[in-house]
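Read off the chains here:
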Amino acid sequence: MTKNLPPSECMDFEGVNNALGNFGKFQIFVFFLACWGSFMPAMVVVAMSFLGRAPDHRCVVPSCDGNDTSFNESFVQWAIPENQQCKVYQRSEANITECEEEYFSNDTETSCSEWVYDTSLFTSTTVTEFDLVCDSDWLRPLAGSMYMLGMLLGAITIGDLADRFGRKMGILVSVLLLGGGGVLSAVSPNYTMFLVMRLLTGAGGVGLFQVTFVLAVEFIGAKWRTFVGIMIEVPFALGEAMTGVFAIFIRDWRWLQVAVTAPAFLLLSYMWLMPESVRWLVSQGRKSDAIKIINKAAKVNGVEVPKHLLEDTNPEIPTVDGTISVANSKDDLVKEDQPPKVKKTVLDLLKTPNMRRRSFNMFYCWAVCTLVYYGLSSNSGNLGGNIFVNFIATMLIEIPSYVFSYLVLDRMGRKGTLTFVLLLGGGACFISGFIPKEIEWLIVTLSLVGKFGIAAAFAIVYVYSAEIFPTEYRSVGIGACSMCARIGGILAPFISSLASIYQPLPLLVFGVLSIISGLLIILLPETVGCELPQTLQESEDFGRDQSIWYFSCCKSRSNDLTGEVNEGLEEQKI
């Protein structure tokens, strides 16, 4: 359902944006603030690569280990079975307390409940703090999964809160969850509390990214929305890389956690620096406040906004979820004497054969993109060589991938570009799984190529999905895709943990999943340059005249939706 506004509360938003200048000084300032809203949560989302790193460990040997013993002691060679981290040799006689080789039986191994950790790289991690090894090893990936679950919950709750009470309120709650949850997790006395705080931190992180991005886009004209939608990922990559820089100098997990989360409190200044959404103010009947912000923007940009643009000439009406829909006909408006519109659900997309296949194809692609994206980030420490250099390089490789996506997306087409980057990334990951571990530089290089491909796919799939789903079901379709993406994110830490069984296994899994997705994308229609479908029936018929090998632009009149849809797309992502 939509909510009608009285005529006095309507405004020509696109006309106002054009009058202000689509990307003037004021919009650049708001976009700059939004970039920090992308940078801050990025530091936290990948922090478990260091916070939860599992160092080498061995069992505590009774009567041999004391308070001052280290991981490498002379008695280890006869008291600990070779290549065993969870077993210790049993003493030949139970009442003997001396630490001598002759008193240990090499025939009998027993499990232990205390461990000694190698602290040469990190003085402490959550693994050493909460003993997440051996029988408790399965608990370790939960920290990453809880963050992803928090992102899922935060995208729903904080997005709704920002629509009801304003974007600034959304920022305030997000900052408190991100910064407060992060600092509290750093002082967690047990792993349960740490996991709960990770969930809250994830909710705050995605909320901060989502709300600040939407605020920026609402001030930017359609011409620049594609650029903003992709380039907002650059500070996200820089934030991820900054975590690696912090980890070089901070080797204690509690202080590292504070370092990557406490700076979020600086964004409380956005309550004064960031302007409130003009669209939201108008939707709440606060048109005078909206006009004040528009006049301020006009003054900063050195332009004047014609008065008629601020009056009741636009049929735009905000929906209850805070997005803006442009009414193309009277049928799109809900009138008082009409019954409420039937609620649209994802099940509607699955009723017809073409849309069912395309929907499941997109659901799988989103899950794979998220799983491989975050999986490669957390797997960077398993590649060999310098873990800090590998980690930072894995994050920074995203920047050229976003530039590449922006430059070729219209030239190669959605389908061709997405297929290419998925096959490129998947193939690189798969091949790297067969490279001998002694050739570290080649494994790292192929892993970086894999991250380049999947990061580009992550950016492209948003635009492509919005064009595959019909206008009337676009929000429903993207929302369902986002849910599938979170499932992939929840599974990512567990796939990365498979390296403890066989080190190349995560890369092999990432490669196979990406290659399958790349091949499946071939079955979808090309959308660039096409007149995009508005209804389910139009979507069902869309692309019937295309071969599955058709990758070039359509002959229909150009109606590229990229700039228009980016406003709503990035709300779903972090």
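One structure accompanies this document, and this report is about it.

Reading the values: the criteria
Starting afresh in each chain, residues are numbered from 1 along the sequence in its written order. Selection of residues for local features in this predicted model requires a pLDDT of at least 70, selection of side-chain atom pairs for listing and counting requires 80 or more, and totals for whole chains, interfaces and linings are taken over all residues. Hydrogens are left out, water is left out, and the side-chain values use all remaining heavy atoms of the structure. Residues form patches when they are more than 30% accessible in relative terms and have no salt bridge. Like charges link within 9 Å. Nonpolar side chains (Val, Leu, Ile, Met, Phe, Trp, Tyr) link within 5 Å. Accessibility throughout is a Shrake-Rupley quantity obtained with a 1.4 Å probe, and a residue counts as covered only by protein chains that appear here. One side-chain nitrogen of Lys or Arg within 4 Å of one carboxyl oxygen of Asp or Glu is enough to make a salt bridge. Counted as positive: Lys and Arg. Counted as negative: Asp and Glu, with His and the chain ends omitted from the count. Where a charge sits is defined by one atom per residue type, namely NZ (Lys), CZ (Arg), CG (Asp) or CD (Glu). Strands are runs of DSSP state E lasting at least 2 residues, helices are runs of H or I lasting at least 4, and numbering of each runs from the N terminus. Site definitions follow a grid-based scheme: protein atoms alone, a 1 Å grid, a 1.4 Å probe that fits but cannot get out for cavities, and for pockets an open set with protein on both sides within 12 Å along at least five of seven lines, plus lining residues having an atom within 4 Å of a point. Grid points are joined across faces, edges and corners, and a volume is the space filled by probe spheres set on the points. Where helices are involved, their axes are fitted lines through C-alpha atoms of the stretch in contact, as for all axes, and angles between N-to-C directions lie from 0 to 180°. Roughly parallel refers to an angle under 35 degrees, roughly antiparallel to one over 145, roughly perpendicular to one between 65 and 115, and oblique to any angle outside these ranges. By the definition used in this description, the sense in which the near helix is turned from the far one sets the handedness, with an anticlockwise turn below a right angle giving left-handed and a clockwise turn giving right-handed. Classification used: nonpolar for Ala, Val, Leu, Ile, Met, Phe, Trp, Tyr, Cys and Pro, charged for Asp, Glu, Lys and Arg, polar for all others including Gly. Working rule for contacts: check all heavy atoms of both residues, and any pair within 4.5 Å makes them a contact. Relative accessibility decides the category of a residue: with a 1.4 Å probe and only protein chains considered, values under 20% of the type maximum give buried, values over 50% give exposed, and everything between is partly exposed. Only a pair of cysteine sulfur atoms within 2.5 Å counts as a disulfide in this structure description. By definition here, a helix of n residues has an expected span of 1.5 Å times n minus one. At any given residue, the bend is defined as the angle formed between two axes, one fitted to the seven residues that end at that position and one fitted to the seven that begin there. Only buried residues count toward a nonpolar core. Its members are Ala, Val, Leu, Ile, Met, Phe, Trp, Tyr and Cys residues joined through side-chain atoms within 4.5 Å. Here the aromatic set is Phe, Tyr and Trp, taking the six-membered ring for Trp, and pairing holds for ring centres within 6.5 Å; pairs whose planes are under 30 degrees apart are stacked, those over 60 apart are edge-to-face, and all others are tilted. Two conditions define a charge located above a ring, namely a distance within 6 Å from the ring centre to NZ of Lys or CZ of Arg, and an angle within 35 degrees of the ring normal.

1. Remarks on a negative patch on the surface
- A cluster of acidic residues, Glu98, Glu100, Glu101 and Glu102, forms a negative patch on the protein surface.
- Secondary-structure assignment places glutamate 100 in the loop between strand S2 (87–91) and strand S3 (104–111).

2. Some thoughts on the layout of surface pockets
- Looking at the second largest pocket, its volume works out to about 1,000 Å³.
- What lines the second largest pocket is a set of 43 residues, among which Gly52, Arg53, Ala54, Arg140 and Asn382 lie closest to the centre.
- Those elements giving two or more residues to the lining of the second largest pocket turn out to be helix H3 (48–51), helix H6 (142–165), helix H15 (353–379) and helix H20 (474–496).

3. Digging into a nonpolar patch on the surface
- Side chains of Phe430, Phe434, Val512, Ile516, Leu520 and Leu523 sit close together on the surface and give an oily, nonpolar patch of about 520 Å² of accessible area.
- Take the nonpolar patch: its biggest share by element is three residues, from helix H21 (residues 505–521).
- Following the sequence through the fold, leucine 520 ends up in helix H21.

4. Describing the packing of helix H7 (residues 167–186) against helix H8 (residues 191–218)
- Across the interface, H7 lies against H8 with an axial gap of 7 Å and an inter-helix angle of 150°. The angle between the axes of H7 and H8 places the two elements in the roughly antiparallel class. The hand of the H7/H8 crossing is left-handed.
- By residue class, the composition of the contact of H7 with H8 is 14 nonpolar, 10 polar and two charged.

5. A closer look at the packing of H6 against H20
- H20 packs onto H6 with a crossing angle of 170° between their chain directions and a minimal axis gap of 7 Å. Taken together, the axes of H6 and H20 lie roughly antiparallel to each other. The crossing of H6 and H20 is right-handed. Contacts between H6 and H20 involve Leu142, Gly144, Ser145, Met148, Leu149, Met151 and Leu152 on the former and, on the latter, Met483, Arg486, Gly489, Ile490, Pro493 and Phe494.

6. A look at unusual backbone geometry
- Within the chain, aspartate 131 stands out as a residue other than glycine whose phi angle is a positive 55°.
- With respect to the helices and strands, the residue aspartate 131 is situated in the loop between helix H5 (126–130) and H6.
- For cysteine 134, which is not a glycine, the phi torsion comes out positive at approximately 55°.
- The residue cysteine 134 is located in the loop between H5 and H6 in this model.

7. So, the pattern of salt bridges
- Overall, the coordinates contain seven salt bridges when judged by the stated rule.
- Taking the shortest distance from any N to any O, the salt bridge between glutamate 129 and arginine 254 comes out at 2.8 Å. Taken together, the positions of glutamate 129 in helix H5 and arginine 254 in helix H11 (residues 253–261) put the pair 125 residues apart, joining distant regions of the chain.
- Residue classification places glutamate 129 among the partly exposed positions, given a relative accessible area of 36%.
- Residue arginine 254 is classed as partly exposed on the basis of its relative accessible area of 22%.
- For arginine 167, the salt bridge identified is with aspartate 163, shortest N-O distance 2.8 Å.

8. Observations regarding the state of the cysteines
- Enumeration according to the criterion identifies two disulfides in this entry.
- Between cysteine 59 and cysteine 112 runs a disulfide, and the two sulfur atoms are separated by 1.9 Å. One quick way to see it: the torsion about the S-S bond of cysteine 59 and cysteine 112 is about -65°, and its sign makes the bridge left-handed. Taken as a pair, cysteine 59 in strand S1 (residues 57–59) and cysteine 112 in the loop between S3 and strand S4 (115–117) lie far apart in primary sequence, 53 residues in all.
- With no disulfide of its own, cysteine 481 has cysteine 484 as its nearest cysteine by sulfur position, at a separation of 6.5 Å.

9. Notes on H20
- A rise of 1.5 Å per residue sets the reference length of H20, with its 23 residues, at 33 Å; its end C-alpha atoms lie 33 Å apart and thus fit the reference within 8%.
- Of all the bends in H20, the largest measures some 25° and sits at isoleucine 490, one to four residues before the proline proline 493.

10. Some remarks on the nonpolar core
- Counting 147 residues, the largest nonpolar core has Met362, Tyr374 and Leu418 as its most contacted members.
- Counting residues per element, this core draws most heavily on helix H19 (residues 440–468), which supplies 17 residues.

11. Focus: helix H2 (residues 25–45)
- For H2, spanning 21 residues, the distance from its first C-alpha to its last is 31 Å, which sits close to the expected 30 Å at 1.5 Å a residue.
- In terms of burial, H2 is a largely internal element, 16 of the 21 residues being buried.

12. Let's talk about the packing of aromatic side chains
- All chains considered together, the criterion is met by 23 aromatic pairs.
- Ring centres of phenylalanine 32 and tryptophan 36 lie 6.3 Å apart, and the angle between their planes is 85°; this geometry places the pair in the edge-to-face category. Taken together, the positions of phenylalanine 32 and tryptophan 36, both in helix H2 and four residues apart, correspond to about one turn of that helix.
- On the basis of relative accessible area, phenylalanine 32 is assigned to the partly exposed category, the value being 46%.
- We classify tryptophan 36 as partly exposed; its relative accessible area is 35%.
- Summarising the aromatic geometry, the rings of phenylalanine 209 and phenylalanine 213 are spaced 6.5 Å apart at their centres and angled 10° between planes, so their arrangement reads as stacked. Of this pair, phenylalanine 209 and phenylalanine 213 are both found in helix H8, four residues apart, which corresponds to roughly one turn of the helix. The burial state of phenylalanine 209 is the same as that of phenylalanine 213; both residues are buried.
- These aromatic residues form a ring-pair network of at least three members: Trp366, Tyr373, Tyr374, Phe458 and Tyr462.
- The ring of phenylalanine 122 is capped by arginine 251, whose NZ or CZ atom sits 5.8 Å from the centre of that ring.

Any functional reading would require information beyond the geometric quantities listed.
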